[in-house]
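Structural description and commentary
The primary structure of each chain is shown beneath.
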Amino acid sequence: MLYLVPEPVAAHGIELLNPSARSLEHCYVEGEHRRAAYARMVEEILAPVRAGRSVCAAFYGHPGVFVLPSHEAISQARTEGYPATMLPGISAEDCLFADLGVDPADAGCQSYEATRFLELRPAIERYAGLVLWQIGVVGSAHHSAEAEAPKLDALVSVLCELYSGEHEVVVYEAAQYPGIAPLVRRVPLSDLSAAVTPVATLYVPPLDRS
Amino acid sequence: MSPNEPEELAPPLDGGDFETGKALREFFVGLLSDDNLVRYHRDRTGYIDEWVRNERAADLLKSETFVEIESHILAVTGSSRAKPLFVVSPPY
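Bear in mind that the values here come from a model prediction, so they are computed numbers and not experimental data.

Bringing the overall build of chain A into the picture now. In terms of regular secondary structure, chain A is built from eight helices and eight strands. Taking 2.2 N^0.38 as the reference for a compact globule, 210 residues should give roughly 17 Å; the C-alpha atoms of chain A span a radius of gyration of 19 Å, in line with that estimate. Counting only C-alpha atoms and orienting by the principal axes, one finds that chain A spans roughly 60 × 35 × 30 Å. A total of 210 residues make up chain A; the buried ones form 48% of that total. Of the roughly 9700 Å² of accessible surface on chain A, 53% is carried by carbon and sulfur atoms. Taking the 14 positively charged and 26 negatively charged side chains of chain A as two groups, their mean positions are separated by 6 Å.

Here we come to the overall build of chain B. When helices and strands are tallied, chain B shows five helices and zero strands. For chain B, the α and β elements follow one another from N to C terminus as α-α-α-α-α. Put simply, of all contacts in chain B between residues at least 6 apart along the chain, 56% involve residues at least 24 apart. For chain B, the accessible area works out to roughly 4900 Å², and carbon and sulfur atoms hold 48% of it.

We now examine the packing of aromatic side chains. All told, the structure shown has eight aromatic pairs over all chains when counted by the stated rule. With a centroid separation of 5.9 Å and 50° between ring planes, the pair formed by Tyr-112 of chain A and Phe-117 of chain A is classed as tilted. Its relative accessible area of 25% is what places Tyr-112 of chain A among the partly exposed residues. Each ring, one from Tyr-177 of chain A and one from Phe-28 of chain B, has its centre 4.7 Å from the other, and the planes form 25°; the classification is stacked. Placement of Tyr-177 of chain A in the loop between strand S6 (168-173) and strand S7 (183-188) and of Phe-28 of chain B in helix H1 (residues 18-30) is noted, with the two residues assigned to different chains. There is no split in this pair, since Tyr-177 of chain A and Phe-28 of chain B are both buried. Every member of this aromatic cluster is reached through a ring pair, and the members are Tyr-177 of chain A together with Phe-27, Phe-28, Tyr-40, Tyr-47 and Trp-51 of chain B.

Should the charged atoms of two oppositely charged side chains come close, the side chains can pair. Under the defined criterion, the tally for this structure stands at nine salt bridges over all chains. Among the ionic pairs, Lys-22 of chain B bridges to Glu-26 of chain B, the shortest N-O distance being 3.9 Å. One end of the pair, Lys-22 of chain B, and the other, Glu-26 of chain B, are both in helix H1, four residues apart, so they sit about a helical turn from each other. Judged by its relative accessible area of 35%, Lys-22 of chain B is partly exposed. In this structure, the salt-bridge partner of Glu-50 of chain B is Arg-39 of chain B, at a minimum N-O distance of 2.9 Å. With Glu-50 of chain B in helix H3 (residues 44-51) and Arg-39 of chain B in helix H2 (residues 36-42), the pair connects residues that are eleven residues apart, well separated along the chain. A single network of salt bridges, built from pairs that share partners, joins Glu-43, Arg-50 and Glu-80 of chain A.

Below, the discussion takes up helix H3 (residues 68-79) of chain A. Residues and elements named next belong to chain A. Counted at 1.5 Å a residue, the expected span for H3 with its twelve residues is 16 Å, and the 17 Å between its end C-alpha atoms agrees. Within H3 the residues assigned to the buried category are Leu-68, Pro-69, Ser-70, Ala-73, Ile-74 and Ala-77. Elements in contact with the buried residues of H3: helix H2 (34-50) and strand S3 (57-59).

So, about the packing of H2 of chain A against H3 of chain A. Residues and elements named next belong to chain A. Remark: H2 packs on H3, axes separated minimally by 9 Å, with the N-to-C direction vectors making an angle of 40°. As judged from the angle between their axes, H2 and H3 are oblique. Seen from above, H2 lies across H3 with right-handed handedness. Residues Tyr-38, Met-41, Val-42, Glu-43, Ile-45, Leu-46 and Arg-50 of H2 form the contact with H3, whose participating residues are Leu-68, Pro-69, Glu-72, Ala-73, Gln-76 and Ala-77.

Time to look at the nonpolar core. The biggest cluster of nonpolar side chains holds 24 residues, and the ones touching the most others in it are Leu-132, Ile-135, Leu-155, Leu-159, Leu-192 and Leu-202 of chain A. For this core, the secondary structure elements donating two or more residues are helix H6 (114-120), strand S5 (129-133), helix H7 (152-162), S6, helix H8 (192-195) and strand S8 (201-204) of chain A. With five residues, H7 of chain A is the single largest residue contributor to this core. Not counting residues within four places of it along the chain, the set of residues in contact with Leu-155 of chain A comprises Ala-114, Phe-117, Leu-118, Leu-132 and Ile-135 of chain A. If you look at the next biggest cluster of nonpolar residues, it comprises 22 residues, including Tyr-177 of chain A together with Phe-28, Ile-48 and Phe-66 of chain B.

What follows deals with the sheet that holds strand S1 (residues 2-4) of chain A. All names here are of chain A. Strand order in the open sheet made by the three strands is S2-S1-S3, with parallel pairing throughout. Whereas interior strands pair on both sides, the edge strands pair on one side only; in this sheet they are strand S2 (22-23) and S3. Judged from the three bridges that link them, S1 and S3 form a sheet pairing that is parallel. Across the sheet, the residue bridging to Tyr-3 is Ala-58, located in S3.

Another aspect to go through is the environment of Arg-53 of chain B. Residue and element names in this part refer to chain B. If you trace the backbone, Arg-53 turns up in the loop between H3 and helix H4 (55-63). Taking the relative accessible area as the measure of exposure, Arg-53 reaches 68% and is therefore exposed. Sequence-wise, Arg-53 and Lys-22 are 31 residues apart; in three dimensions their C-alpha atoms are separated by 11 Å. Engagement of the side chain of Arg-53 in a polar contact is seen with the backbone oxygen of Asp-49, the distance being 3.2 Å.

Thresholds applied
Residues numbered from 1 in each chain as written. Chains lettered and ligands numbered in written order. Predicted model: local features only at pLDDT ≥ 70, side-chain atom pairs only at ≥ 80, totals over all residues. Heavy atoms only, no water. Helix = DSSP H or I, 4+ residues; strand = E, 2+ residues; numbered from the N terminus. Rg over C-alpha atoms; globule rule 2.2 N^0.38 Å. Buried < 20%, exposed > 50% of the residue type's maximum accessible area, 1.4 Å probe, protein only. Areas by Shrake-Rupley, 256 points an atom, 1.4 Å probe, with all protein chains shown as cover. Lys, Arg positive; Asp, Glu negative; His and termini not counted. Charge placed at Lys NZ, Arg CZ, Asp CG, Glu CD. Contact = heavy atoms within 4.5 Å. Phe/Tyr/Trp six-rings, centres within 6.5 Å; stacked < 30°, edge-to-face > 60°. Salt bridge = Lys/Arg side-chain N within 4 Å of Asp/Glu carboxyl O. Expected span 1.5 Å × (residues − 1). Axes fitted to C-alpha atoms, helices over the stretch in contact; angles between N-to-C directions. Parallel < 35°, antiparallel > 145°, perpendicular 65-115°, else oblique. Left-handed = near helix turned anticlockwise from the far one by under 90°. Core = buried A, V, L, I, M, F, W, Y, C linked by side-chain atoms within 4.5 Å. Pairing = 2+ DSSP bridges. Polar contact = N/O pair within 3.5 Å; in protein donor to acceptor, adjacent residues only side chain to side chain.

Below, the structure written as structure tokens:
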């Protein structure tokens, strides 16, 4: 049993279920490109598989949403002839829809990782909602214990070109504990930089068609 | 305030308190047992009063201040496991 969770209560809960469970946190090296950590995680997951053991790897949120090593481990396992299955979980976006009362069926919803959004500059439908993940680390490719968002101002500029600076956006962080309220900061787009938290997701509501 | 009525919260604290964090951690881990989670959602205040002896922890749980609760819990282990920045997605 291998796991990667961002806070100690979940880790403790997993270890209660399986005392031999091991965290994948040691795969990260401060200042190193995150791809190296992902590669280590894939190897940690696959090594016992190749040794004939049944392996479960648990990631926080949905293991298939914004999680590279889970997809990569499953792909490699299947390529090597081992059966592998992913079970769904609850992603930050699922929590956002519930907490903010947003139904993507209403106006549609676009969803991008913030750094990829800046790199690719996809065509945006402003009359649909927009979710940008990982705005607290936008522009950062390296692991750091402290939040670094070197491209946050650039992101705000791009968004202000698409929407007005007065357009209200939501900095959102799902609560990790049951019964506790999420972090929700509603700010004008022009004030976004000061409101961002390290693990926040940004929701940009659609423009009003009327 | 219910979880579906989001509200702007206080900014993160510089540091959490170990004893408060320990009480909070034990509380949330306890929710994993038996039907505790169902009982908690059925009667939050009553459940908190029954299970939490640390006054500060009980007040925090009743106020639902996520950022502050997290700061105290992260003060418990002092290990890298407590860091919230385990990014597992791009860049590719």
